[in-house]
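A closer look at the structure
Listed below are the residues making up each chain.
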Amino acid sequence: DAMVIQNPRYQVTQFGKPVTLSCSQTLNHNVMYWYQQKSSQAPKLLFHYYDKDFNNEADTPDNFQSRRPNTSFCFLDIRSPGLGDAAMYLCATRRDTISDTQYFGPGTRLTVL
Amino acid sequence: SQQGEEDPQALSIQEGENATMNCSYKTSINNLQWYRQNSGRGLVHLILIRSNEREKHSGRLRVTLDTSKKSSSLLITASRAADTASYFCARSGGSYIPTFGRGTSLIVHP
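This text gives an overview of the structure that appears in the document.

Scanning all chains against the criterion turns up ten aromatic pairs over all chains. With centroids separated by 5.9 Å and ring planes inclined at 80°, the aromatic side chains of Phe-104 of chain A and Phe-100 of chain B adopt a geometry described as edge-to-face. Of this pair, Phe-104 of chain A sits in strand E10 (residues 103-104) while Phe-100 of chain B sits in strand E10 (residues 99-100), placing the two residues on different chains. Like Phe-100 of chain B, Phe-104 of chain A is buried. In textbook terms, an aromatic cluster arises when at least three aromatic residues are bridged by ring pairs, as seen for Tyr-33, Tyr-35 and Phe-104 of chain A together with Tyr-35 and Phe-100 of chain B.

Moving on to the pattern of salt bridges. Residue and element names in this part refer to chain A. Here the structure, examined in full by the defined rule, presents five salt bridges over all chains. Two residues, Arg-67 and Asp-77, come together in a salt bridge whose shortest N-O distance is 2.8 Å. With Arg-67 in strand E7 (residues 64-67) and Asp-77 in strand E8 (residues 73-78), the pair connects residues that are ten residues apart, well separated along the chain. Looking at Asp-77, the relative accessible area reads 15%, which means it is buried.

At the junction of the two partners, chain A supplies 24 residues and chain B supplies 18 residues. Of the roughly 1700 Å² buried at the junction of chain A and chain B (both faces included), carbon and sulfur atoms supply 54%. Where chain A touches chain B, the interface holds zero salt bridges. Here chain A is connected to chain B by three residue pairs in polar contact (both at pLDDT 80 or more). Elements that contribute at least two residues to the side of chain A that touches chain B include exactly strand E4 (31-37), strand E5 (44-50) and strand E9 (87-94) of chain A. With four residues, the top contributor of residues to the side of chain A that touches chain B is E4 of chain A. Residue composition of the side of chain A that touches chain B, grouped by class: eleven nonpolar, nine polar and four charged.

Reading the values: rules and limits
- Residues numbered from 1 in each chain as written.
- Chains lettered and ligands numbered in written order.
- Predicted model: local features only at pLDDT ≥ 70, side-chain atom pairs only at ≥ 80, totals over all residues.
- Heavy atoms only, no water.
- Phe/Tyr/Trp six-rings, centres within 6.5 Å; stacked < 30°, edge-to-face > 60°.
- Helix = DSSP H or I, 4+ residues; strand = E, 2+ residues; numbered from the N terminus.
- Buried < 20%, exposed > 50% of the residue type's maximum accessible area, 1.4 Å probe, protein only.
- Salt bridge = Lys/Arg side-chain N within 4 Å of Asp/Glu carboxyl O.
- Contact = heavy atoms within 4.5 Å.
- Buried area = accessible area lost by both parts, 1.4 Å probe.
- Polar contact = N/O pair within 3.5 Å; in protein donor to acceptor, adjacent residues only side chain to side chain.
- Nonpolar A, V, L, I, M, F, W, Y, C, P; charged D, E, K, R; others polar.

Right, here's the structure in full:
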């Protein structure tokens, strides 16, 4: 049973053309995270939500925005993708700040032409 | 920051052999988790070990934690080709924001 779902699994966009990636969860978890992962590198946290509270990492470019309209859904908007934004984007959830385990979605592979 | 190192960066073994990978960190932690990532996929949680624990088992996986040395190891016994993946440790030091290492890429040859 899918618990963290990401759509699409593969996204191709053109340089500078806005793109939105989506994440949904059936776990009713309070915390949702967005990570960027480039080849052979560690996942890099972009931002996270605790409920509706948004937390941006200091080094996340302004080009990246996020929305969480309700508990189940979270979106990553890339306003003007550059070639350097090509990566795997991973969504993860966590029940709350006390529990320890993150649950990851399968990821969206973004290609920028 | 919980930044640390994973070692080795790449490991290539034959099916049936054991695979050991290590994770070191620099500051104290509350817990440490190991994840597996198959090529082009998301991360799958394997084992969590808390700072007051020294060893945990799950099937063919054994994780140890040495807080005095600030290191953890993941042992996969009797490896299979299906174990081919990247393995990451994630360290949490009191916030709910874990920090991932760069991972160990494991290849198990049939």
